[in-house]
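# Architecture at a glance
Residues per chain are reported as follows:
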Amino acid sequence: MQILPGIVIVGKALWIKKLKILVVADLHIGYEEALAEEGYLLPRTMFKEMSKELKELLEKLKPNLVVINGDLKHEFGQISKQEWFETNTILDMILERSKVVLIKGNHDTILEPIARRKNLEIKDFYIVDGICILHGHKIFIDKEIYDKKIKILIIGHEHPAISIREGLRKETYKCFLLGRWKDKKLIVMPSFFTLYEGSDIKKEELLSPYLNEKSIKNFEVFVVADKIYRFGKVKDIR
Amino acid sequence: MIKEARKRSKAEILKVLDPTVKEWFFSCFKDFSLPQLYGVMPIHERKNILISAPTGGTKTLTAFLSILNYLVKLAKEKKLEDKVYCIYVSPLRALSNDIHVNLERPLAEIEEIARKKGVKMQKIRVMVRTGDTLSKEKARMLKKPPHILITTPETLGIVLSSKRFIEKLKAVEFVIVDEIHALACNKRGVHLSLSLERLEEISSISPVRIGLSATIAPLDEVAKFLVGYEKKNSKWEERSCLIADVRFAKKMDLKVLCPVPNLIDTTAKEMQENLYSLLDRLIQTHKTTLIFTNTRSGTERVINHLKEMFPHHYARLEESIGAHHSSLSRSLRLRIEQKLREGKLKAVVSSTSLELGIDIGYIDLVVLLGSPKSVARLLQRQGRSGHRLHETSKGRLIVLDRDDLVECAVMLKEAIEKRIDKVQIPKNCLDVLAQHIYGMAIQKKWKIDELYDVIRRSYCYNTLSREDFLSVISYLSAQYPGLEEKKVFAKIWYDPETREIGRRSKLARMIYMTNIGTIPEESYVNVIIALPYERKNEKIGMIDEAFLERLHKGDVFVLGGNKYEFLYARGMNAYVNASVKKPPTIPSWFSEMLPLSFDLALSIQHFRKLVFELFRKRKSEKEIKNFISKYLYVDRNSVNAIYQYFYEQFYYTNGKVPDENCIVIEKYIEGEKIYYIFHSLYGRRVNDALSRAIAYLLARHYRKDVEVSINDNGFFIASYRKLNVEKAIKWLSQNHNQLRNVLEEAIEKTEVFRRRFRHCATRALMILRSYKGKSKTVGRQQLKADFLLGAVKKISSEFPILKETKREILEDLMDVENAEKVLKWIKEGKIKIEIIATELPSPFALNLVTQGYADLMKIENKIEFLRRMHQKILKKIKS
């Protein structure tokens, strides 16, 4: 489904048609391991699931470029062996098929060594064709993203999800949000990771400085499920 | 085989007693008590025995007498070895005083007698080991092991996996399980039952098992729980055990009291005045009174009112009244216990905490404010009065409304006629099993078939299926997909070729010791405003986690005098709507309320039937009242009140009344809302299961949420549209074997499921409360448990922790077994369904419909409301 002209939602990713760019955000590789360190022994399902999903996307779309929009891996601290392995494997798998741009997220404080080894640059944001792709955890001051030429911002970080009720049943889904920030259109991407849906935008505190309680009400919701469903504005969903 | 113990003669016991022990005994006691006449000889003869007697029945000494006798004889012959001869397990953590009275003092006195006579004997060592025991003391224990080890179920589990201390347990001769009635019904007991089998397995001799219990039923099941099973010629048989049933040895003086002659036509003020005058009169005419209130808030309320109304009795400088409940700090509770033992208190008010056998000295009257909800509990509570067995124990049940009156009156009959409701012992709990198998693997290498057999010796696991057993092994050895990384997930290794399991790392013991246990960490939940927008994020107060479990979305409750509608919970926060017009639907002490026992519920239903039959036969008022007063053991006032209550119900609903053979569904419309009130008096655990299943079916069918409220006497389902509730219950009864499936679906997305999953995952050690030197808050645990739940669901719906969560909710929290039974009775026609419509809720429905109001309206308002409704009903009957 097209979310804006030329920008299409494919699963949990965005597809910039004209330039054949695939955008994914928030993979949080190593999340389960971080939890295990705290004593929550979650089964490891994420790496396999995410590799499979990504591979399918790459093979279907054959992109020229994949933009990883922040938080490729989870931990703030040291990179563990497992994380090294998984991050490497996923990056290699993408690099075999496409070029890669890494956007820095709040969890990616020590991504450098991996990136360096693969000759990848880590950027704060990536601008192409009037679109600025950035993680969304902080607002950059005096940067070219404020330029009038940029019409669209694409952020991650928020892990937006929405709960929908029917009768006694309540289900939560990952979703894309489309709204405005200053003079620009703003797309918020869901997390690519599979551990949980995300934080319910109707109920939970917003994380990204690009969003606030008031503005969020007028964002349009695109629910990710077997296909993409338009659900209207946040304020209209009960 | 389970057999009754026989009463032995004094002479027999005297013959086996060592002279010093004999001399000591008669320097303290005039004669042997009844439990001693039953119990001392079998223990001397090394037979397993369950002794059930009221508190104050010298049970503990009965258990110890033969053992002390044996140890003293050995000590005199200098044959005492450095090993543990006897393990005493009690669920109470603060054991020291009891042990002092029953063990340390007798020993010291016996030694003193021996010294005076110039008889030389070795020192008999008694030591306490609990979670609080310092490592210095543990080291000392290792060097000089106690001959008698005093411990808790949890610490026993740890000791059984210890590297060195276990050596001292390899020839234990006696195990005493005290307060077995407080263990058999929960997972602590399940855990202990496996520990006992592990002890049996490592011990070169089979320790004699001695169980001590307050009043409980059925005794043969509890005896089996104590002794477990044995495989003989590839068939499972229960081990032999004697039962010493001295439950009714104490004479009872039990009465139901109404504080006012008429429970309904009394103003609240009169009610209050009369209630507290009655309480004061009872307290003042006795030496020490123990009052049970069922809820913690009730405890404080009673004390405040007594102080206000009778300051000269209770509000002097030296306080003569105190509270004792689980929310009070341990030191406060200990202080109250100490004052009681010193005879300094006139009265103590407790919620439930003083039910257990904590030594509190002399109590000559027990008052129960409101129904204790089961015959066993009634007898346990009132058994706290009357110090000695030959004394009469005195109990008074004070009732405050008409349902309470009927319930307590029937309960009294059951107690006097010695019919005690049955306890349910949890079986095949997979989380506790996982914990134990981990512990067993730490202890040594096992062939899994051998392991399976040891586990099945426990009463709680005798029917454990091989599949479930293997699924737990798979979980522990990380055989499930996603658990491949053994270093993290595998707690044990399993070799499919040799079919052996064992411990994986040196860290295992550390993790086991710091995380073992079955009591979930409960805590308080913040109540935070989500709506209206202007007050968003304002924190109002706290509710306890168990109460949160009971809240459905849309429930209205009262906190600090204001109403809030529950919206949702996240982590340890409950979000509410503060601008709410609906009346409250659930009282805030709901989670503390004890459930009515199923057996007692059926007895009340039977009583209803007998009385309504007389109404149907058009018997005169006098005849019916005569029947009631003959059938129940209550005074004239109570007979009149019960008659009036039943009369109103019968004529208000034209004889369509609920009883043993009929569930009445009463349809009543208030404003735009339609209430379907199910008069299903089966206790709240059964009603919880039935109402959730029916509500789920209806919500699925109409694609619309319905409102549910339950109590012991029934439940209602309410909605803004007409519902075909009859069809739902009929479908369920025709498909009663589907009830479990329906409920499993119905609970899956609920708050209670998330919480209980956390508890089970913690017990099964998939969440480690204490890990790498850090422990975590309950709130953090819950949030991460939610992630875990999602991940585990992806692995398999049969994953042992998921399966156990469902089992715990269906079988321990609810009572799915008896709910199925009720549905089956409907199917067989034993129970018919009758649907009626009323303009106002019928008298029997009033308490259910108004239960949520109880918090908001002061007691006077609630009664005013009841009276107003009641007047309308009377008018209708007359017209």
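What counts, and where the lines are drawn
- Residues numbered from 1 in each chain as written.
- Chains lettered and ligands numbered in written order.
- Predicted model: local features only at pLDDT ≥ 70, side-chain atom pairs only at ≥ 80, totals over all residues.
- Helix = DSSP H or I, 4+ residues; strand = E, 2+ residues; numbered from the N terminus.
- Rg over C-alpha atoms; globule rule 2.2 N^0.38 Å.
- Buried ≥ 20, exposed ≤ 12 C-beta atoms within 10 Å, placed from the backbone.
- Contact = placed C-beta atoms within 7 Å.
- Core = buried A, V, L, I, M, F, W, Y, C linked by C-beta atoms within 7 Å.
- Nonpolar A, V, L, I, M, F, W, Y, C, P; charged D, E, K, R; others polar.
- Expected span 1.5 Å × (residues − 1).
- Axes fitted to C-alpha atoms, helices over the stretch in contact; angles between N-to-C directions.
- Parallel < 35°, antiparallel > 145°, perpendicular 65-115°, else oblique.
- Pairing = 2+ DSSP bridges.
- Right-handed = clockwise from strand over helix to strand, strands pointing away.
- Domains from an automatic or database assignment.

Let us now look at the overall build of chain A. From N to C terminus, chain A includes five helices and 16 strands. Taken over C-alpha atoms, the radius of gyration comes to 17 Å for chain A, in line with the 18 Å a tight globule of 238 residues would show. On the principal axes, the C-alpha backbone points of chain A span a range of 45 × 45 × 35 Å. Residue burial in chain A is summarised as follows: out of 238 residues, 44% are buried.

Once that is clear, we can look at the overall build of chain B. The helix and strand tally for chain B stands at 34 helices and 31 strands. The C-alpha atoms of chain B give 28 Å as radius of gyration, which agrees with the globular expectation for 879 residues (29 Å, within 12%). Taking the principal axes of its C-alpha atoms as reference, chain B extends roughly 90 × 65 × 55 Å. Looking at chain B residue by residue over its 879 residues, the buried ones come to 50%. When contacts within chain B are restricted to residue pairs at least 6 apart in sequence, those whose partners lie at least 24 apart make up 74%.

For soluble globular proteins, nonpolar side chains are generally found buried alongside one another. Of all hydrophobic cores here, the largest spans 309 residues; its most connected members are Val23 of chain A together with Ile694 and Ile717 of chain B. In this structure Ile717 of chain B touches Tyr676, Ser691, Ile694, Ala695, Leu698, Val706, Glu707, Val708, Leu723 and Val725 of chain B, once residues within four positions along its chain are discounted. If you look at the next biggest cluster of nonpolar residues, it comprises 18 residues, including Val527, Ala530, Leu551 and Ala574 of chain B.

Let's shift gears to the interface of chain B and chain A. Listed per partner, the contact involves 28 residues of chain B and 18 residues of chain A. Of all the secondary-structure elements, those providing two or more residues to the side of chain B that touches chain A are helix H19 (486-489), strand S23 (562-570), helix H25 (684-702) and helix H29 (778-795) of chain B. Residue contributions to the side of chain B that touches chain A peak at eight residues, all from H29 of chain B. Considering only residue class, the side of chain B that touches chain A consists of 16 nonpolar, two polar and 10 charged.

A word on helix H8 (residues 187-202) of chain B. Three- or four-residue spacings in an α-helix give side chains the same orientation, since the helix completes a turn every 3.6 residues. Relative to the 22 Å expected for 16 residues at 1.5 Å per residue, H8 of chain B spans 23 Å between its end C-alpha atoms, a close match to the ideal helical length. The element H8 of chain B is extensively covered by neighbouring structure, given that 13 of its 16 residues are classed as buried.

Residue and element names in this part refer to chain B. Axis separation between H25 and helix H27 (residues 739-747) bottoms out at 9 Å; the angle between their running directions is 75°. Judged by the inter-axis angle, H25 sits roughly perpendicular to H27. Between H25 and H27, the residues in contact are Ala689, Arg692, Ala693, Tyr696 and Leu697 and Leu739, Val742, Leu743, Glu745 and Ala746, respectively. When the residues that make up the contact of H25 with H27 are grouped by side-chain class, the tally is eight nonpolar, no polar and two charged.

On to the sheet that holds strand S19 (residues 500-503) of chain B, then. Residues and elements named next belong to chain B. Taken in spatial order, the three strands line up as S17-S19-S18 in an open sheet, and their pairing is antiparallel. Each end of this open sheet is capped by a strand with a single partner; those strands are strand S17 (446-447) and strand S18 (492-495). Note that S17 and S19 share two bridges and pair antiparallel. Bridged to Trp446 within S19 is Ile501.

Residue and element names in this part refer to chain A. Taken in spatial order, the seven strands line up as S1-S2-S3-S4-S5-S6-S7 in an open sheet, and their pairing is mixed. Sheet topology places strand S1 (2-4) and strand S7 (122-123) at the edges, where each strand pairs with a single neighbour. Direction of pairing for strand S6 (residues 99-103) relative to S7: parallel, over a ladder of two bridges. Note on S7: the bridge partner recorded for Ile103 is Lys123.

Moving on, we get to the environment of Asn741 of chain B. All names here are of chain B. Mapped onto the elements, Asn741 comes out in helix H27. The class for Asn741 is exposed, based on 11 C-beta atoms found within 10 Å. For the pair Asn741 and Ala693, spaced 48 residues apart in the sequence, the C-alpha separation amounts to 9.4 Å.

Residue and element names in this part refer to chain B. Pairing analysis gives four bridges linking strand S4 (residues 126-129) to strand S5 (residues 148-151), with the strands arranged parallel. Bridged to Arg129 within S5 is Thr151. Chirality of the crossover, the property in question, places the unit of S4, helix H6 (residues 135-143) and S5 among those that are right-handed.

Before going further, it helps to spend a moment on the pairing of strand S8 (residues 229-232) of chain B. Residue and element names in this part refer to chain B. Strand direction decides the pairing type here: S8 and strand S9 (residues 235-238), joined by four bridges, are antiparallel. Across the sheet, the residue bridging to Lys231 is Trp236, located in S9. The antiparallel hairpin formed by S8 and S9 contains two residues in its connecting segment, where Asn233 sits at a positive phi of about 50°.

Let us look at the domain arrangement of chain B. With domains assigned, chain B is organised as domain 1 (2-245), domain 2 (252-400), domain 3 (524-592) and domain 4 (661-838). In this structure, domain 1 of chain B and domain 3 of chain B have C-alpha centres spaced 48 Å apart.

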